2 protein chains.
Amino acid sequence: MALRHAVLAALLDGEYSGYQLAKAFDVGVANFWYALPQQLYLELAGLERDGLVAGRRVVQETRPNKRLFTVTAAGLAELERFAVAASKPSFIRDDLLVKVQAIDRIGAEPVIAQLEERAAVATGRIEVFGKLLQRLRGDETEERYLRDGERIGPYLTCLRGREFEQGHHDWCLRTAELLRSREAARAER
Amino acid sequence: MALRHAVLAALLDGEYSGYQLAKAFDVGVANFWYALPQQLYLELAGLERDGLVAGRRVVQETRPNKRLFTVTAAGLAELERFAVAASKPSFIRDDLLVKVQAIDRIGAEPVIAQLEERAAVATGRIEVFGKLLQRLRGDETEERYLRDGERIGPYLTCLRGREFEQGHHDWCLRTAELLRSREAARAER
DNA sequence: CTACACATGTAAACGGTTACATGATTAT
DNA sequence: ATAATCATGTAACCGTTTACATGTGTAG
């Protein structure tokens, strides 16, 4: 049960509905995990069944009713247990890297295009993360916020998320350029 | 079928047995994917059934017999098809990030220890990648190798692998230090 | 004689993705 | 009218992980 703890951690910052959580997880604002809406509704149901989160129904007139969830004491205890246990190592698993691995034996153009598209997507994400970081630290400098802030967890994971995207972006662009220049050299011969 | 193409791409560099592949995938020398031995044996069986790889039995006297696999023409065509199709975006999914996200509400010590351990593991991997890169480029400079080399796919993915590990390493250490100094400040009060 | 490296698999359980399903309100 | 946003779920499928299973040769 992997999503479990990610959802619990996300709910530490306040009450969220399945729908709100889904948006955060989907866009990647949740910089430490990713999940589809369906999975979240399922997981929230399971968490509630096990008493780790509590949901309260909010009746809305103009919009459909929704359910807002909070972490219970048992949920926090579960997170605590999870944090003490060993983490499994994180690995890269990326279709695009597989394609680049094979690049010398397959057509390069489609892969180059995908690398450039990825870089563009990453640029967007970097901006999103940047804004989130600004919002979290408010008026303070990063240094002071990290030293004195009360809730720095989301800031720290967001930093890693942004750096990951930056690294990914740079590599994609560099690789695309390199492959392009090799294609050009090939065409000349 | 995600492992499929990763295995095909890995087999482009020569004949490998399930066991040899497993080591590469397990240690992370295969910098673009990760898989356990069992899965590889299963996947190789499937790939052979579908005619995408061909296995030949090698009888050994001193060691158990083994089967070496090569990509067939059909396998290469499958890779080609795969490369043209859209790649799904890559996301971070990491237990340790979940723990850091929750850090303000749980005990920090075990998480700090895990961050430091991760950094140490990453240091090891960075070295492995560095050596692999050296071996791949031989006597040439990186620039020349990437411009004129015939098989640069593995080099490029390895570069990304190393940068990822470096980024991960730096973040883990920075975060661990920060959390330690906050713990120290907390203790003083 | 013990541990490690070589060598290959099967079966069950789990977690995540894809497809299916529904329906109201608001903005273009 | 049409598309987007709000809002919540179920079911089938696929891919990964964990546990089980076996056996030889080599180095310490």
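My aim in this report is to walk through the structure given alongside it, one point at a time. (Residues numbered from 1 in each chain as written. Chains lettered and ligands numbered in written order. Predicted model: local features only at pLDDT ≥ 70, side-chain atom pairs only at ≥ 80, totals over all residues. Heavy atoms only, no water.)

So, on to the nonpolar core. Formed by 107 residues in total, the largest nonpolar core has its most connected members in A:Phe25 and B:Phe25. In this view, B:Phe25 contacts B:Leu3, B:Ala6, B:Val7, B:Ala10, B:Ala30, B:Trp33, B:Tyr34, B:Ala35 and B:Leu40; residues no more than four positions away in its chain are not counted. (Core = buried A, V, L, I, M, F, W, Y, C linked by side-chain atoms within 4.5 Å. Buried < 20%, exposed > 50% of the residue type's maximum accessible area, 1.4 Å probe, protein only. Contact = heavy atoms within 4.5 Å.)

Topologically, B:His168 is positioned in helix 8 (residues 153-188). The exposure class of B:His168 is buried, given its relative accessible area of 5%. Side-chain polar atoms of B:His168 contact the side chain of B:Arg118, separated by 2.9 Å. Excluding anything up to four places from it in sequence, B:His168 contacts A:Ser90, A:Arg160, B:Asp94 and B:Arg118. (Helix = DSSP H or I, 4+ residues; strand = E, 2+ residues; numbered from the N terminus. Polar contact = N/O pair within 3.5 Å; in protein donor to acceptor, adjacent residues only side chain to side chain.)

Let us now look at the relation of the copies chain A and chain B. Under the fitted operation, chain A is carried onto chain B by 0.0 Å of movement along the axis and a turn of 180 degrees, and the coordinates agree to an RMSD of 0.0 Å. What we have between these two chains is a two-fold relation. Looking at the interface residues of chain A, 100% of them are also at the interface in chain B, so both copies use one shared face. (Least-squares fit on C-alpha atoms with pLDDT ≥ 70 in both.)

We now examine the protein's contact with DNA strand D. Around DNA strand D lies a shell of 24 residues, among which A:Tyr19, A:Gln60, A:Arg67, B:Met1 and B:Thr62 are the nearest. In this structure, a phosphate oxygen belonging to DNA strand D sits 2.4 Å away from a side-chain N or O atom of A:Gln60. Of all the secondary-structure elements, those providing two or more residues to the surface near DNA strand D are helix 2 (18-27), helix 3 (37-49) and strand 3 (66-71) of chain A together with helix 3 (37-49) of chain B. Here the element with the most residues in the surface near DNA strand D is helix 2 of chain A; it accounts for 3 residues. The residue inventory of the surface near DNA strand D, partitioned by class, reads 9 nonpolar, 8 polar and 7 charged. (Near = heavy atom within 4 Å. Nonpolar A, V, L, I, M, F, W, Y, C, P; charged D, E, K, R; others polar.)

Listed by partner, the interface residues are 68 residues for chain A and 68 residues for chain B. For the pair chain A and chain B, the two sides together bury roughly 6,500 Å², of which 59% comes from carbon and sulfur. On the chain A side of the contact with chain B, A:Arg93, A:Gln101 and A:Arg160 bury the most area, a combined 12% of that side's loss. Where chain A touches chain B, the interface holds 4 salt bridges. When the shortest N-O distance is used, the salt bridge between A:Asp104 and B:Arg151 registers 2.6 Å. Our count for the contact surface shared by chain A and chain B stands at 40 residue pairs in polar contact (both at pLDDT 80 or more). Of all the secondary structure elements, the ones that give two or more residues to the side of chain A that touches chain B are helix 1 (3-10), helix 4 (73-84), helix 5 (95-101), helix 6 (109-137), helix 7 (142-148) and helix 8 (153-188) of chain A. A per-element tally of the side of chain A that touches chain B places helix 8 of chain A first, with 16 residues. Of the residues contributing to the side of chain A that touches chain B, the split by class is 35 nonpolar, 13 polar and 20 charged. (Buried area = accessible area lost by both parts, 1.4 Å probe. Salt bridge = Lys/Arg side-chain N within 4 Å of Asp/Glu carboxyl O.)

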